Amino acid sequence: MSDFFALFSTAIGPCGIIWNARGIAGVQLPEASEPLTRRRILCRFPRAKEAEPAGEARRAIAGIITSLSGKPCDLSSIVLDMEGMPLFRRRVYEAARGIAWGATATYGAIAERAGAAGAARAAGQALAHNPFALIVPCHRVLGAKGQPGGFSAHGGIETKRRLLMIEGAGGHSALSSSTARSRPIPGL
């Protein structure tokens, strides 16, 4: 199956999206420059070919641009290609997708929602490998006392803080039984 990618402009710089016939395979936050963003995509997806986005990729790009411009946008219905991904990671990513725009949750709450209460560190490790930045909003996940935790994108914690500021996130947890959307995870 072929992977394709495209770069697109956002309020925080040039992002990238990678897709295939199964859905979105990855999102790349901006590196220091557009050539470095392209290079990072090709390191992650060496066989990907640059192409004009269509279908789900076009819909994801529009949502990401909207979100990064400071307007609420629900990206939770974007179809992701999680083929071959470990089950725990899939559960963590689906749990994180339940965090509303502008809200936050803790690593512990994500672990619990993923069916692994007490596995906050494991949830954090899964989120550190999140290939779907923004669509799986790992930037909305904080430590138990509101500390930012880690962030593996270019700029690290400062990028995470910037994304939270764009969304106006106040550090409150919004992943409770009354606010989290429950969606079945394919293959579970």
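Just so you know, these numbers come straight off a predicted model, no measurement behind them. (Residues numbered from 1 in each chain as written. Predicted model: local features only at pLDDT ≥ 70, side-chain atom pairs only at ≥ 80, totals over all residues. Heavy atoms only, no water.)

## Digging into the pairing of strand E3 (residues 23-28)
Across the six residues that make up E3, a large majority, six, are buried. Sheet topology places strand E2 (residues 13-20) next to E3; five bridges connect them, and they run antiparallel. Residue pairing in the sheet places Asn20 in a bridge with Gly23 of E3. In this structure, the hairpin formed by E2 and E3 is closed by a connection of two residues. (Buried < 20%, exposed > 50% of the residue type's maximum accessible area, 1.4 Å probe, protein only. Helix = DSSP H or I, 4+ residues; strand = E, 2+ residues; numbered from the N terminus. Pairing = 2+ DSSP bridges.)

## Looking at the sheet that holds strand E4 (residues 49-50)
Taken in spatial order, the four strands make up an open sheet running E3-E2-E1-E4, and their pairing is mixed. Edge positions in the sheet fall to E3 and E4, since each has one partner strand and no second. Along the sheet, helix H1 (residues 34-44) makes contact with strand E1 (4-10), E2, E3 and E4, crossing E1 at roughly 150 degrees. Across the sheet, helix H2 (residues 55-68) is in contact with E1, E2 and E3; its angle to E1 comes to roughly 25 degrees. (Contact = heavy atoms within 4.5 Å. Axes fitted to C-alpha atoms, helices over the stretch in contact; angles between N-to-C directions.)

## A word on the nonpolar core
Membership of the largest hydrophobic core comes to 45 residues, with the highest contact counts inside it found for Ile24, Ile110, Leu127 and Ile135. For this core, the elements supplying multiple residues, two or more each, are E1, E2, E3, H2, helix H3 (87-96), helix H4 (107-113) and helix H5 (120-128). When residues in this core are grouped by element, the largest group, five residues, is from H2. What Leu127 contacts, discounting residues up to four positions off in sequence, is Val92, Tyr93, Ala96, Tyr107, Val136, Cys138 and Val141. Judged by nonpolar contacts, the second largest core, of seven residues, contains Phe5, Leu7, Ala25 and Ile41. (Core = buried A, V, L, I, M, F, W, Y, C linked by side-chain atoms within 4.5 Å.)

## Regarding helix H6 (residues 156-167)
For the α-helix, the turn length of 3.6 residues means that residues three or four positions removed from each other point alike. If you check H6, its first and last C-alpha atoms are 17 Å apart, about what twelve residues at 1.5 Å a residue would give, namely 16 Å. Those residues of H6 that fall on the buried side of the exposure criterion are Gly156, Thr159, Lys160, Leu163, Leu164 and Glu167. Looking straight down H6, one finds its buried side chains confined to an arc of 135 degrees; they lie on one side. Away from its buried face, by an angle of more than 90 degrees, H6 presents the exposed residues Glu158 and Met165. On its buried face, H6 is in contact with H2, H4 and strand E6 (141-142). (Expected span 1.5 Å × (residues − 1). Arc of directions from axis to C-beta.)

## Digging into the pattern of salt bridges
Side-chain pairs of opposite charge can arise where the charged atoms are in close proximity. A full pass over the atoms with the stated rule returns eight salt bridges. For the salt bridge of Arg161 with Glu158, the shortest nitrogen-to-oxygen distance reads 2.9 Å. Of this pair, Arg161 and Glu158 both sit in helix H6, separated by three residues, roughly a single helical turn. Residue classification places Arg161 among the partly exposed residues on the basis of a relative accessible area of 38%. For Glu158, a relative accessible area of 52% gives the class exposed. Ionic contacts of the salt-bridge type, sharing partners, join the residues Glu34, Arg38 and Glu50 into one network. (Salt bridge = Lys/Arg side-chain N within 4 Å of Asp/Glu carboxyl O.)

## Focus: the packing of aromatic side chains
Across all of its chains, the model carries two aromatic pairs by this definition. Ring centres 6.2 Å apart and planes at 85 degrees place the aromatic pair Tyr93 and Phe132 in the edge-to-face group. With Tyr93 in helix H3 and Phe132 in the loop between H5 and E6, this pair connects stretches of sequence that are 39 residues apart. (Phe/Tyr/Trp six-rings, centres within 6.5 Å; stacked < 30°, edge-to-face > 60°.)

## Structural notes on the environment of Ala100
Within the secondary structure, Ala100 is located in the loop between H3 and strand E5 (105-106). By relative accessible area, Ala100 is classed as partly exposed at 33%. Counting along the chain gives 24 residues from Ala100 to Ser76, while the straight-line C-alpha distance between them is 9.1 Å.

## Considerations on the confidence of the model for the protein
Predicted coordinates in areas of low pLDDT are best not read in detail. A residue-level look at the protein finds 90% of positions with pLDDT of 70 or above and a mean pLDDT of 87. By mean pLDDT, H6 is the weakest element of the protein at 87, and E4 is the strongest at 98. Low confidence marks residues 171-188, where pLDDT is under 50. Its contacts with residues over four positions away, or in another chain, come to 41 contacts. (pLDDT = per-residue confidence, 0-100.)

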